[in-house]
Amino acid sequence: LELVEGPRRDADSGALRIQAKLAGTDSVGWATLEGSKGTKFLQEGGHKLKVVRETILTHGLEIEADAEASKLDHQPLKLKVGEILELLAGPRKEEKSSLLRVKVKSKSEGKIGWITCKSSEGARFVSVLA
């Protein structure tokens, strides 16, 4: 979620709410952070990711442009299952494929680049660590 407005306390219910945008989309709505009795529903986090399906770290957001560049001057870094990544930016939608991609830093290699979160068939490449 990306914060749009808030947090603010709802006068009727007493709940602490935010207006948020679903990352990588244009969908905006309201979410409850904390109920009127203090129950937590959302918390900040998600800055660490774990690779759950082998994938590659590319230099740029655009997959096709990076594929052309890799033929000439560099090979993308293969990320193995279990690798820990630090989230730096995103998610952003890659225009040609409509895939959501995030900019990350590989903890083991120290390399920075872009990965795809989920394939067009729905297979996840990374999961969020709390």
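As a reminder, the structure under discussion sits directly above these lines.
Residues numbered from 1 in each chain as written. Predicted model: local features only at pLDDT ≥ 70, side-chain atom pairs only at ≥ 80, totals over all residues. Heavy atoms only, no water.

### Thoughts on the pairing of strand 1 (residues 2-9)
Consideration 1: Here strand 1 pairs with strand 2 (residues 16-21) via five bridges, running antiparallel. Note that in strand 2 the partner of R8 across the bridge is R17.
Consideration 2: Joining the antiparallel neighbours strand 1 and strand 2 is a turn of six residues, in which G14 adopts a positive phi near 85°. (Pairing = 2+ DSSP bridges. Helix = DSSP H or I, 4+ residues; strand = E, 2+ residues; numbered from the N terminus.)

### Some remarks on the pattern of salt bridges
Consideration 1: Scanning the model with the defined rule gives four salt bridges in all.
Consideration 2: With a shortest N-O distance of 1.9 Å, E5 and R8 are connected by a salt bridge.
Consideration 3: Assessed through its relative accessible area of 31%, E5 is described here as partly exposed.
Consideration 4: Each of R9, E34 and K40 takes part in one network of salt bridges that share partners. (Salt bridge = Lys/Arg side-chain N within 4 Å of Asp/Glu carboxyl O. Buried < 20%, exposed > 50% of the residue type's maximum accessible area, 1.4 Å probe, protein only.)

### Observations regarding the sheet that holds strand 3 (residues 28-34)
Consideration 1: One open sheet holds the three strands; their spatial order is 1-2-3, and the pairing between them is antiparallel. Looking at which strands have only one partner, the edges of the open sheet turn out to be strand 1 and strand 3. Each strand of the sheet is rotated relative to its neighbour by a mean of 25°, with strand direction disregarded. (Axes fitted to C-alpha atoms, helices over the stretch in contact; angles between N-to-C directions.)

### Some words on unusual backbone geometry
Consideration 1: That bond from G6 to P7 is cis: its omega, 5°, falls within 30 degrees of zero.
Consideration 2: With respect to the helices and strands, the residue P7 is situated in strand 1.
Consideration 3: A positive phi angle is found at S98, which is not glycine, with a value near 65°.
Consideration 4: Considering the arrangement of structural elements, one finds S98 in the loop between strand 7 (84-93) and strand 8 (100-106).

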